[in-house]
Each structure stands twice: as C-alpha cells, then as structure tokens.
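An overview of the molecular structure
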Amino acid sequence: MAFLAVWFLVMLAAVPRLRNASLLLFTLAAGILGCELLLRTDAMNRFVEERDLADFRQGLVETLDPLFAPDPALAFRPLPDRRARATSVKNGRTIYDVVYTTDANGFRALPPGPSDANDTPVLILGDSFAFGAGLPDDQTLAWYLRDQSGGALQPVTLAVKGYGLNQVLRQLEIGEPRKAGHAKFPWAVVSVVDDHVLRVAGRVQWLHDSPRYVVEPDGRLVARGTWVEPSAFVESLLVGSRLFALGRKAMALDEAKERRLFVRILREIEVKLAADYGARLMVLYYSGETWRGDLSGWRKTMVPLLCASGVPVLDVNALLPRPPQPVDRFYMQDDGHPTALLNRTIASALIKDFGRGAVQRGDLRCGR
C-alpha cells in the first residue's frame with residue numbers, strides 16, 4: 001500500500017494523463033486492504049475458520065515451553081523427555097498453569113502409580129481432549145483409567161494437542177504405538193470434537209502440513225502428501241491473506257466430500273486398530289463449543305456422521321449428571337477442555353464398558 005501510494009503521487013505529478021488509471025489502481029488496492037483488515041477482525045473469524053472464535057480469543061494469552069517439533073509424517077510431534085510449562089490467562093484470570101511431561105518416545109507420561117500383574121495396555125489417541133490440555137499429569141484421562149482400575153489398565157497416550165483423525169491414522173500406519181513396547185492393545189480410545197471434519201480436510205491453520213488422504217478410484221484410502229499447496233507462492237498467500245484464503249475456499253470447498261472423508265478415515269482407524277494392534281475402538285465424542293458453556297455445537301452434523309461410520313461412540317456429554325449442573329465443573333471456563341472431574345467420570349464409564357465389551361451409558365443410539 002505504501003508503494004502504491006507513492007507511485008500514485010509520482011504519477012499524478014509526473015504523468016497527469018495517467019491520473020485516472022493511477023486513481024483506479026489505488027482505489028482497488030485500498031478496497032482490497034480494507035477487506036483484508038475486516039476479515040482479520042474477531043467478528044469475521046467464523047467466515048475464514050468455520051468457527052466463531054471471537055469470544056474465545058478476546059483477552060486470551062497462552063504460552064508453552066518448547067514441546068513440539070516438526071515431523072514429516074505427522075506435521076508435528078511432542079519432543080521426548082520433556083517437562084514443558086503451559087499457561088493460559090483470560091482477561092487477567094489464570095485458567096491453568098501446568099507442566100506436561102513426555103517420556104522417551106514423546107508420549108505424554110504418567111507419574112508412578114498402581115500396577116497389576118495382569119495389566120492391560122490401553123491406547124489413547126486423538127487431540128487435546130485426550131491429551132489432557134490444561135491439566136497436570138495426574139489429572140488426565142489416562143491417569144484416571146489406571147488409578148480407578150487399580151492398575152489393571154495401563155494407558156499409553158499418543159494423543160497430541162491439535163491432532164486430527166488423519167494424523168491418528170498415520171500414527172497407526174507408521175507403527176507409533178509399538179514404541180511403547182506392546183504388540184497388542186485390547187482397547188483403543190480416540191477423542192473427537194466438532195471440528196474434526198475440518199481437520200481431516202486440512203482446513204485449520206495449524207494442520208496444513210498434516211497428512212492428506214484421498215480415496216482412489218479403486219476405493220482404497222491412501223496418503224498423498226500433505227495439505228500444503230504445491231505452489232509455495234499460493235501457500236504463502238493462503239497463510240498470509242485471509243481474503244485469498246476465503247476466495248480459495250469458496251472455489252474449492254466440497255463439504256459433502258469432506259464429510260465422506262471423515263467417515264472413511266474413522267472406519268479405517270477401526271480396521272487398522274483391529275488388524276495391526278488387536279484393539280477394539282471406542283470413540284469419545286465431545287460436542288459443543290464447551291469453552292463458552294455450549295454442549296450442543298455441531299451435533300446435528302456430527303452425530304449422523306459418527307453413526308454412519310459404524311464405530312462404537314461414547315457420547316461424553318450424556319455422562320453428565322441430571323439435573324444439569326454448571327458446565328464449568330466439567331469443562332474449563334473460557335478454555336473448554338475437560339476438567340479432572342470429567343476425566344474421572346469418563347474413566348469410570350470406560351472401565352465399565354470395557355468390562356461389558358460394549359458402550360452402554362453414553363451410546364449415541366444410532367437408528368433407535
């Protein structure tokens with residue numbers, strides 16, 4: 001804009017006959033700049049990112065010690081043998097100030113706890129909800145599964161903040177779970193939140209480098225590079241210009257195709273877990289924009305997709321006690337991740353479901 005302004009003034013003085021063309025170019029550039037600035041406001045986030053995060057981001061400051069490193073297969077992964085301090089402050093109020101610990105494999109570690117001679121390894125996969133964002137090591141879902149089972153269950157946490165199901169599938173394909181020293185995992189738990197359809201399609205800013213899966217003409221689901229654009233110039237425009245990103249989305253968006261991809265990847269995860277790890281899958285579905293107390297969110301979209309996948313799903317919010325209690329008891333206020341109480345509640349339900357071999361309370365009741 002500065003260059004155009006100087007160029008306009010120079011042309012105005014030196015070449016008066018180009019005045020109209022110069023003025024037109026300057027007006028167009030000013031209009032583009034105005035649109036770009038408007039799209040960068042909190043009120044317009046939902047048009048670019050598909051979620052209205054204005055209220056969430058306003059007044060929020062988050063910090064995290066070095067914990068993640070770029071990874072060619074998964075986009076990023078936690079570093080091994082780390083203790084990283086994470087803080088979140090909203091409008092001067094501290095939401096959390098905790099330390100995340102990783103083991104020699106980069107998996108989130110558990111403090112010493114109970115063990116059983118006939119213990120059962122359980123695989124924990126997914127995103128920040130399963131990782132335990134905002135919680136110390138002894139308040140995660142993995143901790144409560146081990147603690148409440150008296151050590152009979154020994155969870156291995158491969159869940160990572162920000163991951164999508166495409167990264168979960170890639171973890172299974174490249175053999176990440178075997179690093180824990182187990183050939184088989186009788187059970188595997190995967191967390192899913194409302195924007196996971198966007199994540200498998202690479203439509204969130206932090207997942208452009210994540211694995212890109214496509215369905216081949218013969219029906220096979222295969223990894224084909226990442227969601228980064230082939231052209232570095234186009235990719236830089238997508239990252240740097242919200243106006244360009246919105247225009248690109250308008251031309252390329254195929255929501256039905258993305259939803260089919262989500263269902264297919266979830267099915268493939270179940271098949272891969274059973275075939276390669278002997279594991280039965282249990283999906284934990286957290287609906288709603290929980291950071292602002294909403295427990296509904298995109299249920300009308302997500303429940304049919306989860307049902308179409310045919311995998312066992314535990315509807316987490318169905319576990320909350322009746323009559324309704326304050327949401328902040330179960331999801332962190334202004335943050336939305338599960339509290340220790342909710343993780344303890346989920347662990348209790350999972351232990352019972354593992355014993356029965358099926359979901360009972362919290363079943364989505366597809367088709368009923």
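Preceding block: the structure.
Residues numbered from 1 in each chain as written. Predicted model: local features only at pLDDT ≥ 70, side-chain atom pairs only at ≥ 80, totals over all residues. Heavy atoms only, no water.

So, on to the overall build of the chain. When helices and strands are counted, the chain shows 13 helices and 12 strands. The 368 residues of the chain split such that 48% are buried. Total accessible area on the chain is roughly 17400 Å²; 57% of this is exposed by carbon and sulfur atoms. (Helix = DSSP H or I, 4+ residues; strand = E, 2+ residues; numbered from the N terminus. Buried < 20%, exposed > 50% of the residue type's maximum accessible area, 1.4 Å probe, protein only. Areas by Shrake-Rupley, 256 points an atom, 1.4 Å probe, with all protein chains shown as cover.)

So, on to the packing of aromatic side chains. Taken as a whole and judged by the stated rule, the model has 5 aromatic pairs. An angle of 80° between the planes, with centres 5.1 Å apart, marks the rings of tyrosine 100 and phenylalanine 131 as edge-to-face. On the criterion of sequence distance, the pair formed by tyrosine 100 in strand E5 (residues 93-101) and phenylalanine 131 in helix H5 (residues 128-131) is long-range, its members being 31 residues apart. With relative accessibility at 0%, the residue tyrosine 100 sits in the buried group. (Phe/Tyr/Trp six-rings, centres within 6.5 Å; stacked < 30°, edge-to-face > 60°.)

In the Ramachandran plot, asparagine 91 falls in the positive-phi region, its phi being about 50° despite a non-glycine side chain. Its place among the elements puts asparagine 91 in the loop between strand E4 (83-90) and E5. Positive phi outside glycine occurs at arginine 365, with the angle close to 55°.

Attention now goes to helix H12 (residues 299-309). Taken together, the buried positions of H12 are occupied by Met302, Val303, Leu305, Leu306 and Ser309. Buried residues of H12, seen end-on, are gathered within an arc of 165° and therefore sit on one face of the element. Those residues of H12 hidden inside the fold are in contact with strand E8 (187-193), helix H8 (196-200), helix H11 (255-277), strand E11 (280-286) and strand E12 (313-315). Just beyond H12, the residue with positive phi is glycine 310, at close to 75°. (Arc of directions from axis to C-beta. Contact = heavy atoms within 4.5 Å.)

Before going further, it helps to examine the side chain of serine 149. Among the structural elements, serine 149 can be located in the loop between helix H6 (141-148) and strand E7 (153-157). Every residue in contact with serine 149, bar those within four places of it in the chain, is listed here: Tyr144 and Ile351.

Moving on: the packing of H6 against helix H13 (residues 340-356). Helix packing geometry: the angle between the two helix axes and the distance between the axes. The N-to-C vectors of H6 and H13 enclose an angle of 50°; their axes lie 8 Å apart at closest approach. As judged from the angle between their axes, H6 and H13 are oblique. The two elements H6 and H13 meet at a crossing, and its hand is right-handed. Note on element contacts: H13 touches H6 through Ala340, Asn343, Arg344, Ile346, Ala347, Ser348, Leu350 and Ile351, opposite Leu141, Tyr144, Leu145 and Gln148. (Axes fitted to C-alpha atoms, helices over the stretch in contact; angles between N-to-C directions. Parallel < 35°, antiparallel > 145°, perpendicular 65-115°, else oblique. Left-handed = near helix turned anticlockwise from the far one by under 90°.)

Strand pairs in the sheet, formed through backbone hydrogen bonds, run parallel or antiparallel to each other. What the 3 strands build is an open sheet, ordered E1-E4-E5; its pairing is antiparallel. Each edge of the sheet is formed by a strand with only one pairing partner; in this case those strands are strand E1 (60-64) and E5. Across this sheet, the average inter-strand angle for adjacent strands is 10°, counted without regard to direction. (Pairing = 2+ DSSP bridges.)

Residue position: valine 222 is located in strand E10 (residues 221-226). Considering only alpha carbons, one finds valine 222 and arginine 212, 10 residues apart in sequence, at a separation of 8.4 Å. With residues near it in sequence (within four places) discarded, valine 222 still touches Arg212, Tyr213, Val214 and Glu216.

It is worth spelling out the nonpolar core at this point. In terms of nonpolar packing, the biggest core is built from 44 residues, with Leu284, Tyr286, Ile346 and Leu350 touching the most fellow members. At the level of elements, E4, E5, strand E6 (120-125), H5, H6, E8, E11 and H13 are the ones that each hand at least two residues to this core. No other element matches H13, which puts 7 residues into this core. The residues touching leucine 350, leaving out its near neighbours within four places in the chain, are Leu141, Leu145, Val189, Met282, Leu284 and Leu314. Of all hydrophobic cores here, the second largest spans 36 residues; its members include Leu125, Leu221, Val263 and Val283. (Core = buried A, V, L, I, M, F, W, Y, C linked by side-chain atoms within 4.5 Å.)

Time to look at the sheet that holds E6. Ordered by their spatial adjacency, 5 strands build an open sheet running E7-E6-E8-E11-E12, and the pairing between neighbours is parallel. The outermost strands of the open sheet, each flanked by one partner alone, are E7 and E12. Across this sheet, the average inter-strand angle for adjacent strands is 25°, counted without regard to direction. The sheet contact formed by E6 and E8 spans 4 bridges and is parallel. Within E8, the residue paired with leucine 123 across the bridge is alanine 188. Packing of H12 onto the sheet brings it into contact with E8, E11 and E12, and relative to E11 it is tilted by some 175°.

Further remarks concern the pairing of E8. Consecutive residues of a regular strand have side chains that alternate between opposite faces of the sheet. Most of E8 is tucked away, with 7 of its 7 residues classed as buried. As paired elements, E8 and E11 share 7 bridges and run parallel to each other. Its bridge partner lying in E11, serine 191 is registered against leucine 284.

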